[in-house]
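Overview (structure and organization)
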Amino acid sequence: MFRRILRQLLYAAALILAVLVLNFLLIQLAPGDPAEVIAGEMGGASAEVMAAIREQYGLDKPLLTQLGLYLGRALQGDLGMSYYYNRPVVDLILSRLGPTMLLVATALGFALIVGTRLGMLASRNPRGIASAVVTVLSLIGYSAPVFWTGLMLVILFAAKIPLFPVAGMIDVVKQGGTLMRALDIAHHLVLPGLTLGLVYLAQYSRLTRASMLEVLGADYIRTARAKGVSEKLVFRRHAFRNAMLPVVTVAGMQFGAIISGAVLVETVFSWPGLGTLAFQSILARDYPTVLGILFFSTLIVIIANLLTDFVSRLLDPRLAKGR
Amino acid sequence: MTAPARTSVPAARGPMAEAWDIFRRSPSAMLGLALLLLVMGITFAGPHLYHVDPFEIVWAPLTPPGEEATIPLGTDNLGRDILAGLIAGGSATLAVGFAAALITMLIGVLIGAYAGFYGGWVDDLLMRVTEFFQVLPPLLFAMVVVTLFQPTLVNVALAIGIVSWPQTARLTRSEFRRIRTLEYVNAMRAIGAGDGNIIWRVILPNALPPLIVSATLTIGMAILFEAGLSFLGLSDPNVMSWGLMIGSGREYLLDAWWVVTLPGAMIFLTVLGVSLVGDGLNDAFNPKMRER
């Protein structure tokens, strides 16, 4: 067990290193002088700054030395300076990480809770209303561009039904204690969370239904029913836990896609997270920040994968023994 | 997907004909096909029927649909014809979608086939590479690639292909692992067929059905991807596309619903068509799985 965990951590470390190398290569492969790429088009392109960048990144040294310098600094938590915001990239990213994680966690939690409930309801009667809802929802969730769904909700809630705020995370006008602040953030979170969550709600409800239908046909379910276990318990205890396994696996594997979706949703709702930062820094050609965000998001995906693996093993002890 | 062109004996019904029979009887699959044909019709026939330059300013900005007879779907914030934009926007979106799906399939099948066929260290190595590409957040990586290099249609398609292939590779690999142990593969080996021959001429054709389904879904995903990039303003600014229309019209969202709603509806209908066809193909190729 411990050897397994150790091996996975080592593997994750290798992946992280590989992402850093990729980041380095991207700067090198981009057309133009790397120093100019790092400074950005509008960054202080003064001779002084350029010289400082050349010095810091060792741009006059051989490529491998440059890579070594880059990796060395990155592993010490230094991803360079944003010449657009005039702040260290890591500080900039950490200040935006919270809102993004809040958004992603809300969307994922909503999608998992509602999606699995809906999928379970649908699996009781494959030709019933819940099943039809799952089918329609999954088609919409798959086919509608997430940013468009968001904009449609903005039209609906900005003018027609002004129940929820359509932009930002906090109302500047409102004052109050921590509780008021939290409620205000939650109020702002409704629409972005719903938009991002709908895509995955669609997928998880469909997956839960398929997975439940498969599990319900298994021998041990027939045995449980024959023993006289109530239908409710058969669903809750015997079938659900086994049917959740593929849902958890897929949810974990999709983490990168969810972060990508968050970029679009944040842009639509002006949510002050990594996504809007990525968008703004791309427009400003602030590459150190953009690459820093790419690195951090990959880091989050790697951690999410490790956690998923762990949860899968909790759900299915067979996985822990095997392999 | 269509009738068996190669069967010479009329009585013999190949698996493709059987699949088409199942596909044809599914209302949702046929609806999907109809939607796709409609979108393609608008895209390919539209420019010949409606001669308006999508970039040309034709009327007052933000004219609502139906207000002016010559501009049936109204104008955007610059006074450009929305209908002309919808017609012109399809070709970029569809071209990038198909090209990206093709790139995805090429890389994915190549890597998956070798990993699944050879196993051992080849499999280990290729799967590590696949996992590396799988942890990159797809849209962010594509955003970086498109901005570092020019946002031409080719680069957009390449960027989407590079981030999308791992799933195809995994699917191809598992199909190859399953098929390579089957009797007819052993028989081919016994009569001295080379590895290349077995991989591409024997196993690949038998692995095609799930790959065709996956290719269909990949097209849908690539279209959404292209739409997302051009919504963010990261695609070729000189080429009209549905995502670009939404991106440039979103600030006027509350005064002019049509500017963002209509192009989005086109994307939705296109991807809906693709995914209904994909579901239909899945049922047609796996009749046993239809209950789900």
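Residues numbered from 1 in each chain as written. Chains lettered and ligands numbered in written order. Predicted model: local features only at pLDDT ≥ 70, side-chain atom pairs only at ≥ 80, totals over all residues.

**Description of the overall build of chain A**
Put simply, the rule is: A helix here means a DSSP run of H or I that spans at least four residues, while a strand means a run of E at least two residues long, and both kinds are numbered starting from the N terminus. Neighbour counting defines burial: a residue surrounded by 20 or more other C-beta atoms within 10 Å of its own C-beta is buried, one with 12 or fewer is exposed, and intermediate counts give partly exposed, using backbone-placed C-beta atoms. Contacts are defined on C-beta atoms placed from the backbone: any two residues whose C-beta positions lie within 7 Å are in contact.
Scanning chain A from terminus to terminus reveals 14 helices and 2 strands. Scored against the burial criterion, the 323 residues of chain A give a buried share of 40%. Within chain A, contacts between residues separated by at least 24 positions form 71% of all contacts whose residues are at least 6 apart in sequence.

**A few points about the overall build of chain B**
Per the secondary structure count, chain B includes 10 helices and 0 strands. Along chain B, helices (α) and strands (β) appear in the sequence α-α-α-α-α-α-α-α-α-α when read from the amino end. Referenced to the eigenvectors of the C-alpha coordinate spread, the extents of chain B come out at roughly 75 × 50 × 35 Å.

**Some remarks on the nonpolar core**
The test is simple: In this description, a nonpolar core means buried residues of the types Ala, Val, Leu, Ile, Met, Phe, Trp, Tyr and Cys, linked to one another by C-beta atoms lying within 7 Å.
Counting 166 residues, the largest nonpolar core has A:Ala278 and B:Ala142 as its most contacted members. Considering every element that reaches this core, the biggest residue donor is helix α3 (residues 82-118) of chain B, with 18 residues. Aside from chain neighbours lying at most four places away, what touches B:Ala142 is B:Ala159, B:Ile160, B:Val163, B:Phe225 and B:Leu229.

**Focus: unusual backbone geometry**
Phi is positive for A:Ser270, which is not a glycine, with a value near 45 degrees. Within the fold, A:Ser270 resides in the loop between α11 (255-269) and α12 (274-283).

**What to know about helix α4 (residues 63-75) of chain A**
Note the threshold: Helix span, expected: 1.5 Å multiplied by one less than the number of residues in the helix.
Compared with the 18 Å implied by 1.5 Å per residue over 13 residues, the 18 Å span of α4(A) between its first and last C-alpha is a close match. Just downstream of α4(A) lies A:Gly77, where phi reads positive at about 85 degrees.

**A closer look at the interface of chain B and chain A**
Rules: Amino acids are sorted into nonpolar (Ala, Val, Leu, Ile, Met, Phe, Trp, Tyr, Cys and Pro), charged (Asp, Glu, Lys and Arg) and polar (every other residue, Gly among them).
The interface is formed by 32 residues belonging to chain B together with 39 residues belonging to chain A. Of all the elements in the fold, those that place two or more residues in the side of chain B that touches chain A are α4 (120-135), α5 (138-148), α8 (195-231) and α10 (257-285) of chain B. Among the residues forming the side of chain B that touches chain A, the class breakdown is 25 nonpolar, 4 polar and 3 charged.

**Examining the environment of A:Val136**
Residues and elements named next belong to chain A. By the element assignment, Val 136 lies in helix α6 (residues 129-143). In this structure Val 136 comes out as exposed when scored by C-beta crowding, with 11 C-beta atoms within 10 Å. Separated by 66 residues in sequence, Val 136 and Ala 202 have C-alpha atoms that sit 8.6 Å apart.

**Digging into the confidence of the model for chain B**
Definition in use: As a per-residue measure, pLDDT tells how confident the predictor is, with possible values from 0 to 100.
Within chain B, residue pLDDT values average 81, and 90% of them lie at 70 or more. At the level of chain-chain contacts, confidence expressed as ipTM amounts to 0.84, with global pTM at 0.85.

**Here's the deal with the packing of helix α8 (residues 178-216) of chain A against α11(A)**
Residues and elements named next belong to chain A. Applied cut-off: Note on method: axes are straight lines fitted to C-alpha atoms, helices fitted across the in-contact stretch only, with angles between N-to-C directions ranging 0 to 180 degrees. Should the near helix be turned counterclockwise from the far one by less than a right angle, the crossing is left-handed, whereas a clockwise turn marks it as right-handed.
Where α8 meets α11, the axes come as close as 10 Å, and the angle between the chain directions of the two elements is 145 degrees. Where α8 crosses over α11, the handedness of that crossing is right-handed. Contacts from Leu 191, Pro 192, Thr 195, Leu 196, Val 199 and Tyr 200 of α8 reach α11 at Ile 258, Gly 261, Ala 262, Val 265 and Phe 269.

**So, the packing of helix α7 (residues 183-190) of chain B against α8(B)**
Residues and elements named next belong to chain B. Relative to each other, α7 and α8 sit at 145 degrees, their axes nearing to 11 Å. Handedness of the crossing formed by α7 with α8: right-handed. Every residue of α8 that contacts α7 at Val 185, Met 188 and Arg 189 is listed here: Ile 198, Val 202 and Ile 203. Partitioned by chemical class, the residues of the contact of α7 with α8 number 5 nonpolar, no polar and 1 charged.

**Remarks on helix α2 (residues 27-49) of chain B**
Residue and element names in this part refer to chain B. How we decide: What the bend at a residue measures is the angle between two axes, fitted to the seven residues ending there and to the seven starting there.
Taken as a whole, α2 carries its principal kink of about 35 degrees at Thr 43; the proline Pro 47 stands between one and four residues after it. Burial in α2 covers these residues: Ala 29, Gly 32, Leu 35, Val 39, Ile 42 and Thr 43. Buried residues in α2 make contact with α1 (15-25), α3 and α10.

**Overview of the environment of A:Asp78**
Residues and elements named next belong to chain A. Along the chain, Asp 78 turns up in the loop between α4 and β1 (81-82). Taking the C-beta count within 10 Å as the criterion, Asp 78 has 14 such neighbours and is therefore assigned partly exposed. Distance from Asp 78 to Pro 88, taken between C-alpha atoms, is 7.7 Å for residues 10 residues apart in sequence. When residues no more than four places from it in sequence are discounted, the contact partners of Asp 78 are Arg 73 and Val 90.

**Observations regarding the environment of B:Gly32**
All names here are of chain B. Note on placement: Gly 32 falls in helix α2. Along the sequence, Gly 32 and Ser 164 sit 132 residues apart, while their C-alpha atoms lie 23 Å from each other. Those residues in contact with Gly 32 that lie beyond four places of it in its chain are Gly 273, Leu 276, Val 277 and Gly 280.

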